Amino acid sequence: MDEPTDRRTVVVDTGVIMAVVAYRSKSLVPVFDKARREDDLVISNIILMQCARQAGKKKCSLDRDEIIARVRELCPNVVEIAIVPLEELRKRYRMRDDSDLEVLYSADVLDADILITSDGDFFDEKRPPRGIRARIMRPLEYLMGRRRDGYIYIRAAWDIRPR
């Protein structure tokens, strides 16, 4: 009989992925390490393609194929989901940016427990996202963990670095 597990499904936003893949942000690498080690890190084909569309943009020196290869290395579990027209996504979810709608849709279809993002639109108190059950967390919040009392307890840096 399988033992119960506390693993959660974690989806990571395009911006956080690209910070590591294209811009070499070492401070976010532990987020992916934790998600692979303690939870189930998964992204959709839609998020993968959002990353690929960053090729050739300002500050991104990688080409499309390099981005795809690096994203697949960072997030090996890429799930194919149906592509839905933006009009349908606008009816189902509420966000300012259309690319954020695709991330919400991905988290919804992948039945994510946690969506990790640095995008301020996801934390807008006047217009919060609607339509998904996933808990939306900033990378540091996910990395440090939030206790039931609502406080984030910061551990020493040597406790969070990959070993």
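What comes next is a walk through the structure. (Residues numbered from 1 in each chain as written. Predicted model: local features only at pLDDT ≥ 70, side-chain atom pairs only at ≥ 80, totals over all residues. Heavy atoms only, no water.)

We now examine the packing of aromatic side chains. Throughout the structure, instances matching the rule amount to zero aromatic pairs. The ring of phenylalanine 123 has arginine 138 lying over it, and the distance from NZ or CZ to the ring centre is 3.7 Å. (Phe/Tyr/Trp six-rings, centres within 6.5 Å; stacked < 30°, edge-to-face > 60°. Lys NZ or Arg CZ within 6 Å of the ring centre and 35° of its normal.)

A word on the pattern of salt bridges. Under the definition given, this model contains twelve salt bridges. Ionic pairing is found between glutamate 87 and arginine 90, a salt bridge with its closest N-O pair at 4.0 Å. Taken together, the residues span about one helical turn, with glutamate 87 and arginine 90 both in helix 5 (residues 86-92) at a distance of three residues. For arginine 90, a relative accessible area of 40% corresponds to the partly exposed category. For the salt bridge of aspartate 121 with arginine 96, the shortest nitrogen-to-oxygen distance reads 2.7 Å. Placement of the pair is aspartate 121 in the loop between strand 5 (114-116) and strand 6 (135-137) and arginine 96 in the loop between helix 5 and helix 6 (98-109), with a sequence separation of 25 residues. With a relative accessible area of 17%, aspartate 121 lands in the buried category. Among the charged side chains, a network of salt bridges with common partners joins Glu87, Arg90 and Asp98. (Salt bridge = Lys/Arg side-chain N within 4 Å of Asp/Glu carboxyl O. Helix = DSSP H or I, 4+ residues; strand = E, 2+ residues; numbered from the N terminus. Buried < 20%, exposed > 50% of the residue type's maximum accessible area, 1.4 Å probe, protein only.)

The subject of this paragraph is the packing of helix 3 (residues 45-52) against helix 6. Between helix 3 and helix 6, the shortest axis-to-axis distance is 9 Å and the interhelical angle comes to 150°. With respect to helix 6, the axis of helix 3 lies roughly antiparallel. The chirality of how helix 3 crosses helix 6 is left-handed. From helix 3, Ile46, Ile47 and Gln50 reach across to helix 6, where they touch Ser99, Glu102, Val103, Tyr105 and Ser106. Looking at side-chain class alone, the contact of helix 3 with helix 6 contains four nonpolar, three polar and one charged residues. (Axes fitted to C-alpha atoms, helices over the stretch in contact; angles between N-to-C directions. Parallel < 35°, antiparallel > 145°, perpendicular 65-115°, else oblique. Left-handed = near helix turned anticlockwise from the far one by under 90°. Contact = heavy atoms within 4.5 Å. Nonpolar A, V, L, I, M, F, W, Y, C, P; charged D, E, K, R; others polar.)

Under the defined criterion, the tally for this structure stands at zero disulfides. Take cysteine 60: it sits in no disulfide, and the sulfur closest to it among the cysteines is that of cysteine 51, at 9.6 Å. On the basis of relative accessible area, cysteine 60 is assigned to the buried category, the value being 6%. (Disulfide = S-S within 2.5 Å.)

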